[in-house]
Amino acid sequence: MTHRKILVAPSILAADFSCLEAEIHRAEEAGADWLHLDIMDGHFVDNISFGPAVVATVRKHTKLPLDVHLMIERADHYLPRFLEAGANSITLHVEPEAKHDVAQTLAAIRAAGCGAGLTLNPATPFEAIEPYLAKIDLLLVMTVHPGFGGQAFRPEMMEKVKRARDWREAQQATLHIEVDGGINAETAKLSVENGANILVAGTTIFRTDDYARAIADLRGE
Ligand code: DX5
Ligand code: ZN
């Protein structure tokens, strides 16, 4: 059993965009470890969020690692802009609908000295990411169908978290296992019990009055 520090990554998708700088500072002061930035293009997912200019703006206001989750087609084409904007880790979708060569895009992220992550939709089997496990820093297990905040957590995704944890233990690898979607104190506990060590949360943090309390609750403190 590996004991790791649990990292909390607030997703700014649920923040108040009219005062984003203040929201970032509140999250930082409340104990956020990373910030999670959800990039949606209206094609790969049925929603549009924000792009590299907003990532660069966030970068100016925090030293926290920026964890960029690309829910877009042709991540290879847009990658240089997100690297330039100051991402510390970039996570790609493995589904064919993302329209890129996964191995090549991962290699390009690595070559830029950025953390490389891979993720899969709830409907995508674990086998789809298995060939890449040794080549990534982070596996993001989507616990909702991507596109919108505020959805209900899918407990059946814990099977994928467990399989990743078993792989990590067998290989003695440093792989981060991150969960994203519907994370609250209860589902965070379940995720950590199954092997997750990074918790993404939007609604649970930004739609409450006390971000520090929300983050402590996620860590089970
Ligand atoms: C969903 C995004 C999530 C989302 C999580 O497509 O990838 O990061 O912001 O939101 P909550 O925590 O509200 O489920
Ligand atoms: Zn996300």
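About the cut-offs
- Residues numbered from 1 in each chain as written.
- Chains lettered and ligands numbered in written order.
- Predicted model: local features only at pLDDT ≥ 70, side-chain atom pairs only at ≥ 80, totals over all residues.
- Heavy atoms only, no water.
- Near = heavy atom within 4 Å.
- Polar contact = N/O pair within 3.5 Å; in protein donor to acceptor, adjacent residues only side chain to side chain.
- Helix = DSSP H or I, 4+ residues; strand = E, 2+ residues; numbered from the N terminus.
- Nonpolar A, V, L, I, M, F, W, Y, C, P; charged D, E, K, R; others polar.
- Pairing = 2+ DSSP bridges.
- Axes fitted to C-alpha atoms, helices over the stretch in contact; angles between N-to-C directions.
- Contact = heavy atoms within 4.5 Å.

Caption draft 1: Geometry of the site of ligand 1. Close to ligand 1 lie 20 residues, the nearest being D38, G147, D180, G202 and T203. At 2.9 Å, a backbone N or O of G150 approaches an oxygen atom of ligand 1. Those elements giving two or more residues to the shell around ligand 1 turn out to be β2 (35–40), β3 (66–71) and β8 (198–201). No other element matches the three residues that β2 contributes to the shell around ligand 1. Residues of the shell around ligand 1, tallied by class, amount to eight nonpolar, ten polar and two charged.

Caption draft 2: The arrangement of the sheet that holds β8 in detail. Within the open sheet, the eight strands sit side by side as β1-β8-β7-β6-β5-β4-β3-β2. Their pairing is parallel. Two strands bound the open sheet, and with one partner strand each, they are β1 (7–10) and β2. Mean inter-strand twist for the sheet, computed between neighbouring axes without regard to direction, equals 25°. The sheet contact formed by β3 and strand β4 (residues 89–93) spans three bridges and is parallel. Each residue of the ladder has a partner; that of H69, found in β4, is T91. Most of the contacts of helix α3 (residues 75–84) go to β4, to which it runs at about 165°, and overall it touches β2, β3 and β4.

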